[in-house]
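If you want the building blocks of each chain, they are given just below.
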Amino acid sequence: MSKLLQLHDFGAPGAKSFEALRAGAAQSGCSTTGGNGKSGCGSAAGQGDLPPEIWEKVKNHPCYSEQAHHHFARMHVAVAPACNIQCNYCNRKYDCANESRPGVVSEKLTPEQAARKVIAVASTIPQMTVLGIAGPGDALANPAKTFKTFELVTATAPDIKLCLSTNGLMLPDYVEQIAAMNVDHVTITINMIDPEIGAQIYPWIFYNHRRFTGVEASKILSERQLLGLEMLTARGILVKVNSVMIPGINDRHLIEVNKAVKSRGAFLHNIMPLISEPEHGTVFGLEGRRGPSAQELKALQDDCEGEMNMMRHCRQCRADAVGLLGEDRSAEFTTDKVMEMEVEYDLAARQAYQAKVEAERDAIALAKQRELATLADETATIKIQVAIATKGGGVINEHFGHAHEFQIYEVSTAGAKFIGHRRVDLYCEGGYASETGIEPILKALNDCTAVLVAKIGLCPKDSLAGAGIEAVEDYAFEYIEQSVIAYFKDYLARVGKSEIRHVARGDADIRQGAFVAS
Ligand code: CLF
Ligand code: SF4
């Protein structure tokens, strides 16, 4: 009952909540505020950068806060199989590619199975704070299943944040229900605001019992998406906009999309790379349309960042993902396993764990600010990128050979900023170097000056050095951002003493190819 009251208090349409959202969205300005290490930009925005009511909503959401993604986990339940549009980067044999890597198939669940799974995961993983419904089709093309799942979960686990992802076609019809169910986070995939461009992305939509094609289809879709966005933000619901960057079709147009969604109060913009391989059987894959390179993606995100908060830590999760972003524990929670699990929902234990994480997070932020303060008199204009091997927790705690991905930070005298991740095949498989060898990893890290790891063998260390990338173990088990800044300080000192020469790095690959669960 009290939950219901809270919900109506907040869900009431009102200028105040809309203004707060605008304030949050406009936070970015993308300028680091001098030497105190506080970034006012992007999903990197922290407690002091956001209005308190917004901070409360994002602080434990791994997608809406870059800081949170080191500590808090999300899970998806694949209860929404149907879709009402066709995207040219999607093959409907697989999960919705608006939030998933192509080529991934999730185990579909009923709402009852899904609710049991959520409670089982929440009992096992106390840092799991968010339940998302992101397919495998479209959440709002399956409204009964989506809302039934939310209802069942809320009844048992009222502390879990509810999140949904949609292509937006049916969104205006369900905004009231979304608000009434206390869903505070909605993602809309918006790839265009110009139907002529849309016609190159969407061959058809199914709306009002009719199939529409071409420009007409994209016009309807775009109008519905933008209307839905306005309706949500007017109710104080945080909206993230996902856009797939499709070189040659919408890459430069996404700057216009960014302006359009910002002006309608979107909180966050997540520009994701097109991933299109012929084996995925999508239209774009079969016609050989390439995805962007790492630096092309970064340049577009940088161009948009002055306009609003940008998300750069998306992992394009599967529709049944479980765990921290970048890890996937879904295999531990198959329906068979969940049915056999003894489940006890211990709210107090979850809250205690989360309080511990909060304290750790504060320590990390303080360490970062202290380290940055030591650069206050530095005048160098150099900017470098550094790769990190981590299992999570905001710490450099992964061996080079065991890393499924590297997190990438850009660092300058203004501070260290997360700018993305690079997924790789394991270098080390059961004590042996992998078949693919180190080449793909060198390509993935080619724009980085160094890689900071918990441990690395001599062989890969030499290969990295040969490619101009320094492998560094000195910061093993230290906080990431503090270490990145400390490494940068040391780097500048060595450049200053002419021990090394600063060299501008090239571009890097965003991984295509086979996609695995993790
Ligand atoms: Fe899931 Fe999406 Fe909610 Fe996150 S994912 S429904 S907002 S809880 Fe996150 Fe995954 Fe990227 Fe999505 S990393 S694909 S943005
Ligand atoms: Fe595929 Fe998602 Fe597009 Fe539907 S909305 S066609 S499931 S990518």
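Residues numbered from 1 in each chain as written. Chains lettered and ligands numbered in written order. Predicted model: local features only at pLDDT ≥ 70, side-chain atom pairs only at ≥ 80, totals over all residues. Heavy atoms only, no water.

J.: Any chance you could break down the overall build of the chain for me, citing the residues and the numbers?
T.: Assigned secondary structure in the chain consists of 16 helices and 18 strands. Among the 518 residues that make up the chain, the fraction classed as buried is 59%. Here the contacts in the chain between residues at least 6 apart in sequence split such that 74% fall between residues at least 24 apart. Per element, the accessible surface of the chain, about 20,100 Å² overall, is 53% carbon and sulfur. (Helix = DSSP H or I, 4+ residues; strand = E, 2+ residues; numbered from the N terminus. Buried < 20%, exposed > 50% of the residue type's maximum accessible area, 1.4 Å probe, protein only. Contact = heavy atoms within 4.5 Å. Areas by Shrake-Rupley, 256 points an atom, 1.4 Å probe, with all protein chains shown as cover.)

J.: Would you mind going over the site of ligand 1 in detail, with residue names and values included?
T.: Surrounding ligand 1, one finds 16 residues, the nearest of these being Cys63, His76, Cys163, Cys314 and Cys317. Considering only residue class, the shell around ligand 1 consists of 7 nonpolar, 5 polar and 4 charged. (Near = heavy atom within 4 Å. Nonpolar A, V, L, I, M, F, W, Y, C, P; charged D, E, K, R; others polar.)

J.: So, the nonpolar core: which residues are in play, and what are the values?
T.: Proteins that are soluble and globular tend to have nonpolar side chains buried together. Counting residues in each nonpolar core, the largest one holds 99 residues, and the members touching the most others are Tyr89 and Ile178. When residues no more than four places from it in sequence are discounted, the contact partners of Tyr89 are Ala97, Asn98, Thr189, Asn191, Ile201, Tyr202, Val244, Ile246, Leu274, Thr282 and Phe284. (Core = buried A, V, L, I, M, F, W, Y, C linked by side-chain atoms within 4.5 Å.)

J.: I'd like to hear about the site of ligand 2, residue by residue, with values.
T.: Around ligand 2 sit 13 residues in total, of which Cys83, Cys87, Cys90, Cys96 and Asn98 are the nearest. Residue classes in the shell around ligand 2 are distributed as 8 nonpolar, 4 polar and 1 charged.

J.: So what about the packing of helix H9 (residues 254-263) against helix H11 (residues 294-305)? Which residues, and what values?
T.: One way to put it is that H9 packs onto H11 with a least axis distance of 10 Å and a crossing angle of 35 degrees. Of the two elements, H9 crosses H11, and the hand of that crossing is right-handed. Contact with H9, carried on its side by Leu254, Ile255 and Asn258, involves Leu300, Asp303 and Cys304 of H11 and no other residues of that element. Among the residues making up the contact of H9 with H11, the classes are represented as 4 nonpolar, 1 polar and 1 charged. (Axes fitted to C-alpha atoms, helices over the stretch in contact; angles between N-to-C directions. Left-handed = near helix turned anticlockwise from the far one by under 90°.)

J.: Provide a residue-level description of the sheet that holds strand S7 (residues 210-213), including the pertinent values.
T.: Hydrogen bonds between backbone groups are what pair the strands of a sheet, and the pairing can be parallel or antiparallel. The strand order S2-S6-S7 describes an open sheet built from 3 strands, whose pairing is antiparallel. With one partner strand each, in any of the chains shown, strand S2 (85-86) and S7 form the two edges of the open sheet. Together, S2, strand S6 (204-207) and S7 form the strand contacts of helix H8 (residues 214-234), whose direction differs from that of S7 by roughly 105 degrees. (Pairing = 2+ DSSP bridges.)

J.: Mind laying out the confidence of the model for the chain, listing which residues take part and the relevant values?
T.: In the predicted model, the chain carries a mean pLDDT of 85, and the fraction of residues at 70 or more is 86%. Counting interchain partners and residues more than four positions distant, the pLDDT-below-50 stretch residues 1-42 has 86 contacts. Predicted confidence is poor over residues 512-518, with pLDDT under 50, and the contacts of this stretch with residues over four places away or in other chains come to 22 contacts. (pLDDT = per-residue confidence, 0-100.)

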